[in-house]
Amino acid sequence: MTDIRLWIGYGYELLITMVPAAVLLFIFHSIYKRRNISVTPRHAVYLMIFSFYLFGVFHFTGVGTVFDAKQYGLELNPEQMNWIPFSDTDIDFVSYGLNVVLFVPFGFLLPFIWSSFQKYRPVFLAGITFSALIEISQLLNNRSTDVDDLILNTAGAISGAVFFHVLSRLAKHKPAARSNDKYEAYVYILFIFLCRFFFYNEFGLAKMLYGF
């Protein structure tokens, strides 16, 4: 039987993502309403799906937080960082593949939800920025920061965008619920990331639940 404390941990981590997403959704809805900008209810559903995806990325990549910095200190270890692309002689093709696959939904959802990401350049910029944010934060929790991950994540984002455009052409129509606000995606990503960075205390919760 799965320990209920494990599910409490997952629930806490999910709330740290989805509650800020819901707050942003309300704020943007209020702004659009005052400006008489029409946004369909389906757009809100897509935003929550995107936010849940961000939760998955943060969970599987182990994004660093301010509590990790407090626990491990701010001293940087050069052995944690690799700035030379594909310099590792022992290539883990499974890990490389997963890094690509992880960002495919990112590249697909951006143009699906926001019309400002119809071209590949903004998807590329968003992908490399989001990946860099994750890689830099991992310096705080003793995980490695690797330029290979940055390249592969970005390649995954572009692959997702390619998949979106191919699917759109095959379907011969474009999604009806799309926002033109080019800043909305960046605000969602940054705000949810910062909420996790400042409020997700994994070790503190584990200490409380398991008593160590």
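See above for the structure.
Residues numbered from 1 in each chain as written. Predicted model: local features only at pLDDT ≥ 70, side-chain atom pairs only at ≥ 80, totals over all residues. Heavy atoms only, no water.

J.: Account for the overall build of the protein chain, with residues named and values stated.
T.: Broken down by element type, the protein chain carries eight helices and two strands. Sequence-ordered secondary structure for the protein chain, helices as α and strands as β, is α-α-α-β-α-α-β-α-α-α. Over its C-alpha atoms, taken along the principal directions, the protein chain stretches across nearly 50 × 40 × 35 Å. The buried share among the 212 residues of the protein chain stands at 42%. Accessible surface for the protein chain amounts to roughly 12500 Å². Of this, 68% is attributable to carbon and sulfur atoms. (Helix = DSSP H or I, 4+ residues; strand = E, 2+ residues; numbered from the N terminus. Buried < 20%, exposed > 50% of the residue type's maximum accessible area, 1.4 Å probe, protein only. Areas by Shrake-Rupley, 256 points an atom, 1.4 Å probe, with all protein chains shown as cover.)

J.: Tell me about the environment of F191, and please be specific about residues and values.
T.: On the secondary structure map, F191 appears in helix α7 (residues 184-199). On the basis of relative accessibility, which here comes to 30%, the residue F191 falls in the partly exposed class. Between the C-alpha atom of F191 and that of P20, which follows or precedes it by 171 residues, the distance is 7.5 Å. Beyond its immediate stretch of four places on either side in the chain, F191 contacts P20 and L24. (Contact = heavy atoms within 4.5 Å.)

J.: I'd like a description of unusual backbone geometry, backed by residues and values.
T.: Despite not being glycine, N36 shows a phi value in the positive range, around 60 degrees. Looking at where N36 falls in the secondary structure, it is placed in the loop between α1 (4-34) and α2 (41-61). You can call N36 exposed: its relative accessible area is 73%.

J.: Provide a residue-level description of the packing of aromatic side chains, including the pertinent values.
T.: Evaluation of the coordinates by the stated rule reveals 23 aromatic pairs. Pairing F28 with Y32 gives two aromatic rings, centres 5.9 Å apart and planes at 35 degrees, and the pair type is tilted. Separated by four residues within a single helix, F28 and Y32 lie in helix α1, roughly one turn from each other. Overall, F28 belongs to the buried group, its relative accessible area being 9%. For the pair F193 and F197, a centre-to-centre distance of 6.3 Å together with 20 degrees between the ring planes defines the contact as stacked. In this pair, F193 and F197 are both assigned in helix α7, four residues apart and thus about one turn of the helix distant. Looking at F197, the relative accessible area reads 18%, which means it is buried. Among the aromatic side chains, those forming a connected cluster through ring pairs are F50, Y53, F58, F103, F106, W114, F117, F130, Y186, F193, F197 and F198. (Phe/Tyr/Trp six-rings, centres within 6.5 Å; stacked < 30°, edge-to-face > 60°.)

J.: Give a description of the environment of S137 that names residues and reports values.
T.: Among the structural elements, S137 can be located in helix α5 (residues 120-137). Residues S137 and V63, 74 residues apart in the sequence, show an inter-C-alpha distance of 5.9 Å. In this structure, S137 is in contact with V63, G64 and F193, ignoring residues within four places of it in sequence.

J.: If you had to explain the side chain of D68 to someone new, which residues and values would you point to?
T.: Note that D68 resides in helix α3 (residues 66-72). It is R196 that comes nearest to the buried, bridge-free D68 among opposite-charge side chains, at 7.2 Å. A polar contact is formed between the side chain of D68 and the backbone nitrogen of T65, at a distance of 2.9 Å. For D68, the residues in contact, after removing those within four places along its chain, are V63, G73, L140 and N141. (Lys, Arg positive; Asp, Glu negative; His and termini not counted. Salt bridge = Lys/Arg side-chain N within 4 Å of Asp/Glu carboxyl O. Polar contact = N/O pair within 3.5 Å; in protein donor to acceptor, adjacent residues only side chain to side chain.)

J.: I'd like a description of the packing of α5 against helix α6 (residues 147-171), backed by residues and values.
T.: The geometry of α5 relative to α6 is characterised by a closest axis approach of 8 Å and an angle of 145 degrees between their N-to-C directions. The crossing of α5 and α6 is right-handed. Along its contact with α5, which presents Y120, V123, F124, G127, I128, S131, A132 and E135, the element α6 presents D149, L150, N153, T154, A157, I158, A161, V162 and H165. Tallied by class, residues from the contact of α5 with α6 come to ten nonpolar, five polar and two charged. (Axes fitted to C-alpha atoms, helices over the stretch in contact; angles between N-to-C directions. Left-handed = near helix turned anticlockwise from the far one by under 90°. Nonpolar A, V, L, I, M, F, W, Y, C, P; charged D, E, K, R; others polar.)

J.: Break down a nonpolar patch on the surface for me, with residues and values.
T.: Side chains of Y120, V162, F163, V166, L167 and L170 sit close together on the surface and give an oily, nonpolar patch of about 550 Å² of accessible area. When residues of the nonpolar patch are assigned to their parent elements, the largest contribution, five residues, is made by α6. Take L167: it is sitting in helix α6. Since its relative accessible area comes to 38%, L167 is described here as partly exposed. (Patch = residues over 30% accessible without salt bridge, like charges linked within 9 Å, V, L, I, M, F, W, Y side chains within 5 Å.)

So yeah, pure geometry; function would need other evidence.
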